[in-house]
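Coordinates in review
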Amino acid sequence: MAIKFELIHQDKTTGARYGILHTPHGSFETPIFMPVGTQASVKTLDVDEIKEVSQGLILGNTYHLWLQPGDEIVKDHGGIRGFMNWDGALLTDSGGFQVFSLSKIRKITEDGVTFRHHLNGSILHLTPEDSIKIQNNLGADIIMSFDECPPFHSSYDYHKESLERTLRWAKRGKEVHQFPDTQALFGIVQGGPYKDLREHSINELMKIDFPGYSIGGLSVGETKAEMYEILEFLKDKMPKDKPRYLMGVGSPDDIVMGVANGIDMFDCVLPTRIARHGSAMTSLGKIVIKNKTYESDMSPLDPNCDCKVCKNYSRSYLRHLFKAKEILGLRLISYHNLYYLKTLMKDIREAIKEDRFAEFKDKLIKEYFD
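Anyway, here's the lowdown on the structure attached to this text. None of the values given here were measured: they were computed from a predicted structure.

Listed in full, the buried residues belonging to helix α9 (residues 224-234) are Met 227, Tyr 228, Ile 230, Leu 231, Phe 233 and Leu 234. Of the surrounding elements, those touching the buried residues of α9 are β11 (184-189), α8 (195-208), β12 (213-215), β13 (244-246) and α10 (252-260).

Dropping the structure here:
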């Protein structure tokens, strides 16, 4: 079996779970946050830095690596791992999110999705079989079923039609998966805001029998309250003995709410994306380092953080780097944001093990947003 999940402890007052995810390239305590390496690169960081800010499990993007440099070239390097000189574990998405994000330049049929290349406009076609073949070539430890991610507030009828097609695509993908013993293929729960569709989705996916399950179609424009309602609904519907992965969620409040509802795995581009605009995640809340208030501030970015950025540089210096348009500023805030989330996940796991996660969650949300 490509992966094994051990559920070790569940918090007494919430759905928060502490466990260990075993993969061919390492074992990882959960809940875990996985930095996103879209183009076989976590933006601005080298692999040694990625090791410092992650637990050793990161993401690659199927759609982008298919287009550039091409999955066959990546395969010739020994997969993403050899391509980027990464000796840790990997997860790849399916390309399905691009069905959502490129909605103006694509057409969906039963066979698959026809795209226009987001840069040069050329015609591309991606089927469930193609997605699995590409991911087999990329060589990740965990791969995703090809799915459609409809806009959250689409009509009930559209979500139902899309969901049934996604279930058929999931079966097709599993049938052509070449390496089930070394690559774990996850099913993806869809259904938008409609609870009966969400329940139907997870029940049908369990019949297909995947080694793990992702929750898709969230963090795509709905309110936080709507997202949390769906997570709470699914909490007791999903298999207890398999990992649960909430796709595309990475803000501290959403992470702790996800954990409270039984989520084991998270990923998001948010920490590096906001870093490139000068926003830092800290134990004191979000800091926009470009603001003038930090011009002469000699204190560390986060006084409660022991990362190399907070140990060595002042807020004043970091602000200077952004105002001077120095690339180092982007690198340092990206590093810090990922380190912050790595530390947050460690603290979350300790709180779960000690049955105090509810208090931890409430304290974080109050401190971060008040």
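The discussion continues.
A word on the sheet that holds strand β1 (residues 4-10). Read across the open sheet, the 3 strands follow the order β1-β2-β3; overall the sheet is antiparallel. Two strands lie at the open edges of the sheet, namely β1 and β3 (26-30), each paired on one side alone. Averaged over neighbouring strand pairs, the angle between their axes works out to 15° when direction is ignored. Two strands pair when backbone bridges link them, and strand β2 (residues 17-23) and β3 are joined in this way by 5 bridges, in the antiparallel orientation. What sits directly across from Gly 19, in β3, is Thr 30. Along the sheet, helix α14 (residues 327-353) makes contact with β1, β2 and β3, crossing β2 at roughly 125°.

Before going further, it helps to spend a moment on the pattern of salt bridges. Under the counting rule described, the total for this entry stands at 25 salt bridges. The partner of Glu 49 in a salt bridge is Arg 331, with the nearest N and O atoms 2.9 Å apart. Of this pair, Glu 49 sits in helix α1 (residues 47-53) while Arg 331 sits in helix α14, and the two are 282 residues apart along the sequence. The shortest N-O distance in the salt bridge between Glu 229 and Lys 195 comes to 2.9 Å. Pair noted here: Glu 229 is in helix α9 and Lys 195 is in helix α8, with a separation of 34 residues, a long-range link. Residue class for Glu 229 comes out partly exposed when judged on its relative accessible area of 42%. You can call Lys 195 partly exposed: its relative accessible area is 32%. Overlapping salt bridges bring together Glu 29, Arg 349, Glu 350 and Lys 353 as one network.

What follows concerns the environment of Ser 201. Locating Ser 201 in the fold gives a position in helix α8. We classify Ser 201 as buried; its relative accessible area is 0%. For the pair Ser 201 and Gly 191, spaced 10 residues apart in sequence, the C-alpha separation works out to 7.0 Å. When neighbours within four sequence positions are excluded, Ser 201 is seen to be in contact with Leu 163, Leu 167, Ile 188, Val 189 and Gln 190.

Right, let's get into the side chain of Thr 127. Structurally, the position occupied by Thr 127 is in the loop between β9 (123-126) and α6 (128-138). Within the structure, the side chain of Thr 127 is placed 2.9 Å from the backbone nitrogen of Asp 130, a separation counted as a polar contact. Setting aside its immediate chain neighbours within four residues, Thr 127 contacts Asp 111, Gly 112, Phe 146 and Arg 172.

We now examine the packing of α9 against α10. With their axes 10 Å apart at the nearest point, α9 and α10 run at an angle of 20° to one another. Here α9 lies roughly parallel to α10, going by the angle between them. Seen along the crossing, α9 lies across α10 with a hand that is right-handed. Residue-level contacts link Lys 224, Met 227, Tyr 228 and Leu 231 of α9 to Asp 253, Asp 254, Met 257 and Gly 258 of α10. Its residues placed into classes, the contact of α9 with α10 shows 4 nonpolar, 1 polar and 3 charged.

Conventions we followed
Residues numbered from 1 in each chain as written. Predicted model: local features only at pLDDT ≥ 70, side-chain atom pairs only at ≥ 80, totals over all residues. Heavy atoms only, no water. Buried < 20%, exposed > 50% of the residue type's maximum accessible area, 1.4 Å probe, protein only. Helix = DSSP H or I, 4+ residues; strand = E, 2+ residues; numbered from the N terminus. Contact = heavy atoms within 4.5 Å. Pairing = 2+ DSSP bridges. Axes fitted to C-alpha atoms, helices over the stretch in contact; angles between N-to-C directions. Salt bridge = Lys/Arg side-chain N within 4 Å of Asp/Glu carboxyl O. Polar contact = N/O pair within 3.5 Å; in protein donor to acceptor, adjacent residues only side chain to side chain. Parallel < 35°, antiparallel > 145°, perpendicular 65-115°, else oblique. Left-handed = near helix turned anticlockwise from the far one by under 90°. Nonpolar A, V, L, I, M, F, W, Y, C, P; charged D, E, K, R; others polar.

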